[in-house]
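As a plain string of letters, each chain reads:
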Amino acid sequence: MNNDNNMSILLVDDDQALLRLLTIRLEQQGYQIISTDDGAKALQLLQQFPVDVVISDLRMPNIDGMMLFDQIKASFPTLPVILITAHGTIQDAIAATKLGMYGFITKPIDHQELQKILSSIATQKPLENESHWAKNIITRNDKMLSMLDKAGRIALRDVSVLITGASGTGKEVLAQAIHSASPRAKHPFIAINCGAIPENLLESELFGHTKGAFTGAVLASPGLFKEADGGTLFLDEIGDMPMSLQVKLLRALQEQQIRPVGSSQSVNIDVRVISATHKDLQQAMHEHQFREDLYYRLNVVNFTLPPLQERSDDIPLLARELLRQSAAKHQVNVIAFSDDAIQLLVTSNWPGNVRQLVNVIEQCVALAETTIIPKHLVEQALSANRSTWPNLSDARDAFEHTYLRKLLNMTDGNVTRAAFLAGRNRSDLHKLLKKHELDAANFRQM
Ligand SMILES: Nc1ncnc2c1ncn2[C@@H]1O[C@H](COP(=O)(O)OP(=O)(O)OP(=O)(O)O)[C@@H](O)[C@H]1O
Ligand SMILES: [Mg+2]
């Protein structure tokens, strides 16, 4: 790249007066300027005159700044683009920086600001947008953008957040983004999957334990609440938290204090809690599997991530961006999907949501033999990823269900015998049967 003020810039703006002004200004500073008032023309110019930077207006007739950016990205993936707009909404800014746009400035143009962005391009220094809180969330979907808008505002307030949504929709990335946008960003973000840890260990994982508190507690442990001090604790799969612990969690949140297992002393905590679940907690409450008071404590603000299929307008963007990331990671020269390949991605079912899309694209990149990924490769990757891997709690539920059916078959629906074989008491077993909507009577031989 050229040295700072030797850089060549393509300016695109339908406002001709502004175009002239900006051209003069930047030429005075030593930049070489090509300009046009038309997006389509801009693309032609780029083919003829390679430049170092594109500065484009957002709102233009015909091809707008976003469309232009998309097309530039497809043909010149590394060319930095700076967007200008008179309508600087937060949403535009979020969308722009998240898409990998280099920078974003609003009219009236602050020349110092622009100069800062241009010098940062010249020195190849990543700009703030690299550390933008929502950088890991790729989207341009209206619903998602307004959700991010809300997330950015909510992040500043220290309220509990509950994130719901199907598996793979991005609950954890959203939780991380909220943490990054919050005043707690410099402190730890600690995630724990409440469904993956045995009930008897979960308490000490969360609240810590003293030395010798139980067999195996050779050393004292502060617990995750304490480790997350000053930061954010992400309680994933909160719907799987056992009732006994729900009471303790509620108390910890109300009192901002925890008591390590084996200790008689409480310790103060300063933690923001974000929780997530793919379960329907309302239903869990009805079934007395989840405490109502805890629910209201955790769900001060709710975000529900839509399934990928409901935001299929995001698929081309996600596909392109994930492809770029995967190709860079594996250092392979794969640039794009063919049009019919994209079409197939858009119209496919995505039961595993974004996670499944990530997998499909990784596989395409791994198997690609050409720089453009053809449709048949996508077909192949899709059929290999057709069924999604169930998450642990779904798998456990499915196992439990099958187990209980076999147990009832074996015991002819005799609950006392079934409980004995399962090593549970009758009331526990009744609860389990209720949870799985199994009626012992149906298993009795007439
Ligand atoms: N909008 C997005 N842009 C880019 N990547 C995304 C987006 N949403 C999700 N991902 C990616 O998809 C994968 C799944 O996301 P995440 O783990 O946040 O989902 P989840 O809702 O927590 O899933 P689960 O319920 O299965 O735990 C991750 O690799 C994540 O980086
Ligand atoms: Mg998750």
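Rules behind the numbers
Residues numbered from 1 in each chain as written. Chains lettered and ligands numbered in written order. Predicted model: local features only at pLDDT ≥ 70, side-chain atom pairs only at ≥ 80, totals over all residues. Domains from an automatic or database assignment. pLDDT = per-residue confidence, 0-100. Contact = placed C-beta atoms within 7 Å. Helix = DSSP H or I, 4+ residues; strand = E, 2+ residues; numbered from the N terminus. Buried ≥ 20, exposed ≤ 12 C-beta atoms within 10 Å, placed from the backbone. Expected span 1.5 Å × (residues − 1). Arc of directions from axis to C-beta. Core = buried A, V, L, I, M, F, W, Y, C linked by C-beta atoms within 7 Å.

1. Quick notes on the domain arrangement of the protein
A common way to report how large an interface is uses the accessible area buried once the components associate.
Argument step 1. Segmentation of the protein into domains returns domain 1 (4-131), domain 2 (142-304), domain 3 (308-384) and domain 4 (392-443).
Argument step 2. For domain 1 versus domain 2, the separation of C-alpha centres amounts to 42 Å.

2. What to know about the confidence of the model for the protein
Argument step 1. When pLDDT is averaged across the protein, the result is 88; 92% of the residues are at 70 or more.
Argument step 2. pLDDT under 50 marks residues 125-130. Its contacts with residues more than four places away, or in other chains, come to eight contacts.

3. Some words on unusual backbone geometry
Argument step 1. The step from K107 to P108 runs through a cis peptide bond, and the omega angle for that step is -5 degrees.
Argument step 2. Mapped onto the elements, P108 comes out in the loop between β5 (103-106) and α5 (111-122).
Argument step 3. Phi is positive for H288, close to 60 degrees, though the residue is something other than glycine.
Argument step 4. In this structure, D412 takes a positive phi of about 50 degrees despite not being glycine.
Argument step 5. Secondary-structure assignment places D412 in the loop between α17 (392-410) and α18 (415-422).

4. Topic: the environment of G30
Argument step 1. Note on placement: G30 falls in the loop between α1 (16-28) and β2 (32-36).
Argument step 2. C-beta crowding within 10 Å serves as the criterion here: with 11 such atoms nearby, G30 is assigned to the exposed category.

5. Notes on helix α6 (residues 142-154)
Argument step 1. Between the first and last C-alpha of α6 there are 18 Å, a value that for 13 residues agrees with the 18 Å anticipated at 1.5 Å per step.
Argument step 2. The set of residues buried in α6 consists of M144, L145, L148 and A151. The arc that holds the buried residues of α6, viewed along the axis, is 115 degrees, so those residues lie on one side. Residues of α6 that are exposed and point more than 90 degrees away from the buried face comprise D142, K150 and R153.

6. Focus on the nonpolar core
Generally speaking, a soluble globular protein has its nonpolar side chains buried in company with each other.
Argument step 1. Of all hydrophobic cores here, the largest spans 67 residues; its most connected members are I163, L174, F225 and C364.
Argument step 2. Counting residues domain by domain, this core receives three or more from each of domain 2 (142-304) and domain 3 (308-384).
Argument step 3. If near-sequence neighbours (up to four positions away) are discounted, I163 is found in contact with K171, L174, A175, I274, A276, F303 and L305.
Argument step 4. Among the nonpolar cores identified, the runner-up in size contains 30 residues, and V12, L26, M101 and I121 belong to it.

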